[in-house]
Amino acid sequence: MLALPAAPAPSARRQLFVGTALACGAGAMVIGGMLAIWLRFRDEALKSAAHRWLPKKYPIPEVASNIMLLSFIAVAIFAQWAVYAARRDDKRHVGMALGLTGLIGLAIINAQAAVWVQMGLPVRDSAGTAYGVMFYAITGTFAVFLIIGVAFSFITMFRYLGGRTAQREIVTAHAIYWYFATAAFVMLWFVVYVTK
Amino acid sequence: MFTTGSKLFLGGSVLAFAGTLIYSGIHGGPLGTIGLVTATIVFAFLTGINFWVRDSNVSSMDTAGIESSPAAHAAPGRSMWPMIGGLGLALIPVGLVVGRAITWLAVIVMIIATVEWMVQGWSEGASSDPVYNAGVRKRILHPLELPILGAVGLGLIIFSFSRIMLRLPKAGGPVVFGGIGAAVLLFGALFATKRNIARSLVVTLCTVGAVGIVGAGVASAVAGPRHVTKHEIAEKTLTVDNCTADHTEADDHSSRAIAGKSNLAATIVLENGKLHADVIGVNGAQQTITIPRSNDSYIRFQNKDSGKVRLVANLGYDLINPGASNEVKVPDVVCTQAVTKGGAQFLIVNPPRPSSATKFGAPYSFTIPGLDSAGSIAIEVP
């Protein structure tokens, strides 16, 4: 009796995209968890005898923090522009969009540094609250995410401009990462810079 | 419609959402609520991604995809470099707290891990032959790895030996290192006579020896060097005065030997109970020598008489809190160690002020404590 051999097992695809999505999920859990701890400490500080969470001497520079938020709109648009151009094999526009994404990412890192410098907030608060520790923990963690995003943008750009134009998956994964960073910053901005 | 993975993530989303509602209703509080809300959002996000990519499966109708998709290719080999890179990253905050040396070590570890990982990643895609790929990696990295690893290994052994030597007691050092040398000689002779010895045995013995030496070195470094008693020197300070006629421990095992190229300003000799100075370029015995201010002048003291004596240079006084009620007058004195007949000692003199500025009727001079009859040599400092 003759029989055809079994078909090969279907193999997985889009590892980079799915891997990036999983990493974004993990990053969102990190930021969400940290914001939850922030709100708990804030709640406890406001219930304490001092009734104070944000130190009076260190006002938050809202111009810089709001510009960071607005910059993320541009980042999301540029990242999606790269995906749009990659689908149309428009190499020049892909490179331009990825370069602009990385550049705006650098500008956001610069704005974050400006916030740190302008506040001049000590890590250890003399009043005994955890504000300084939590502020630097959350904004510092997010700054690491930003640095990873900028590196992701430039690596994607170099790979694409270097000739690997068939690998569009990395461009989509790059866009997903920046969407995650945007969503994470919106949460961070509202909790840390708005409700304080 | 829903793939298996999407159903799992959807179930996770529903459970997280239900957990959020139950937790916020029963317990409340921002910590758990926001944590569960975040988990719900993340699960929902992953559900959407998984639904969109259809569990990342290649359709069985897509024959090209079956062959060309990344998962159809051989998995890359295992690599220790990500782990080492992670270790380096974790060491950076440790170094920021403990010390700069650890931070630099972490940076070096991260650079090494990055380079090794990149070259390994590149070599794995060089061809479809894993053996050839491994050869490519070796060809690129071995010229770097072998000298650096050799230097690091050698440095570790040298450092370990130095710590062990500093830790061992003075008498024990020769015994221990003689024993180690004898063991090396013995094992080397055994290996040389028995030609078909297993390579694994040699490697094991060498590894045990290296680990033992490095381990002993680390333990010795942690324990610290053996206590070495500080050798007393002949000096005069506010609390100590060894520049007297008495002999102390500082006068035994004298360390101020004189080299032939000592650039001597003068040789001061005690002969027939009298002091005189021999100055290079000046004929005859002198009773006055001239030395520069604020510079080291090297004086040789030679005792040709019997007895053990020292030479003292009296360079006036230092005033602490001058003019105040608590003014203190500290003699500015340096001296040699006591020297017996035929011996010589070395003395460095550095007068801080000219001899014309001396006060309290104490001109600069060289004298022998306890031997006033020897006289003195006057010191002129322009």
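Residues numbered from 1 in each chain as written. Chains lettered and ligands numbered in written order. Predicted model: local features only at pLDDT ≥ 70, side-chain atom pairs only at ≥ 80, totals over all residues.

Enquirer: Which parts of the structure should I look at to understand the overall build of chain A?
Expert: The secondary structure content of chain A amounts to five helices and zero strands. Element order for chain A, N to C, with α for helix and β for strand: α-α-α-α-α. Classification of the 196 residues of chain A by burial places 33% in the buried group. Considering only intrachain contacts with a sequence separation of at least 6, the fraction spanning at least 24 residues in chain A is 81%. (Helix = DSSP H or I, 4+ residues; strand = E, 2+ residues; numbered from the N terminus. Buried ≥ 20, exposed ≤ 12 C-beta atoms within 10 Å, placed from the backbone. Contact = placed C-beta atoms within 7 Å.)

Enquirer: Whenever I open this one, the confidence of the model for chain B confuses me. Can you help?
Expert: For any part of a model where pLDDT is low, the fine detail of the predicted coordinates should not be relied upon. For chain B, per-residue confidence averages 85 on the pLDDT scale, and residues scoring 70 or more make up 93% of the total. Reported confidence for the predicted complex is 0.75 by ipTM and 0.52 by pTM. (pLDDT = per-residue confidence, 0-100.)

Enquirer: Hey, could you run me through the sheet that holds strand β1 (residues 264-271) of chain B in this one?
Expert: What holds strands together in a sheet is hydrogen bonding between their backbones, with the strands either parallel or antiparallel. Residue and element names in this part refer to chain B. Strand order in the open sheet formed by four strands is β2-β1-β4-β7, and the pairing between neighbours is mixed. For this open sheet the edge positions go to β2 (274-278) and β7 (344-349), each flanked by a neighbour on one side alone. Each adjacent strand pair in this sheet contributes to an overall mean axis angle of 25°, direction not counted. Here β1 pairs with strand β4 (residues 297-303) via six bridges, running parallel. (Pairing = 2+ DSSP bridges. Axes fitted to C-alpha atoms, helices over the stretch in contact; angles between N-to-C directions.)

Enquirer: How do you make sense of the environment of lysine 308 of chain B when you look at a structure like this?
Expert: All names here are of chain B. Relative to the helices and strands, lysine 308 resides in the loop between β4 and β5 (312-320). Overall, the presence of 14 C-beta atoms within 10 Å leaves lysine 308 in the partly exposed class. With 30 residues separating them in the primary sequence, lysine 308 and alanine 338 have C-alpha atoms 5.6 Å apart. With near-sequence residues (within four places) excluded, lysine 308 lies in contact with His247, Ala338, Val339 and Thr340.

Enquirer: Would you take a moment to explain the sheet that holds strand β3 (residues 288-290) of chain B for this structure?
Expert: Residues and elements named next belong to chain B. Taken in spatial order, the five strands make up an open sheet running β3-β9-β8-β5-β6, and their pairing is mixed. Two strands lie at the open edges of the sheet, namely β3 and β6 (328-335), each paired on one side alone. The average undirected angle you get between the axes of adjacent strands in this sheet is 35°. Here β3 pairs with strand β9 (residues 377-380) via three bridges, running parallel. Bridge pairing in β9 places threonine 290 opposite glutamate 380.

Enquirer: In this structure, what is going on with the nonpolar core? I would like to understand it.
Expert: If you look at the biggest cluster of nonpolar residues, it comprises 58 residues, and the most contacted ones within it are Ala82 and Ala184 of chain A. Listed by contribution, the elements that provide at least two residues to this core are α1 (15-47), α2 (62-87), α3 (91-119), α4 (131-161) and α5 (169-195) of chain A together with α2 (30-52) of chain B. Of the residues forming this core, the biggest block, 13 residues, is contributed by α5 of chain A. Filtering out sequence-adjacent residues up to four positions away, alanine 184 of chain A remains in contact with Gly27, Ala28, Ile31, Phe142 and Phe145 of chain A. Grouped together as the second largest cluster of nonpolar side chains are 31 residues, Val269, Phe301, Leu311 and Phe366 of chain B included. (Core = buried A, V, L, I, M, F, W, Y, C linked by C-beta atoms within 7 Å.)

Enquirer: What is the right way to look at the packing of α1 of chain A against α4 of chain A in this model?
Expert: The geometry of a pair of packed helices is captured by two quantities: the angle between their axes and the separation between those axes. All names here are of chain A. Where α1 meets α4, the axes come as close as 10 Å, and the angle between the chain directions of the two elements is 165°. Taken as axis vectors, α1 and α4 run roughly antiparallel relative to one another. Viewed along their axes, α1 and α4 form a crossing whose handedness is left-handed. Here α1 contributes Gly27, Val30, Ile31, Met34, Leu35, Ile37, Trp38 and Phe41 to the contact with α4, which in turn contributes Met134, Ala137, Ile138, Thr141, Phe142 and Phe145. Within the contact of α1 with α4, the residues separate by chemical class into 12 nonpolar, two polar and no charged. (Parallel < 35°, antiparallel > 145°, perpendicular 65-115°, else oblique. Left-handed = near helix turned anticlockwise from the far one by under 90°. Nonpolar A, V, L, I, M, F, W, Y, C, P; charged D, E, K, R; others polar.)

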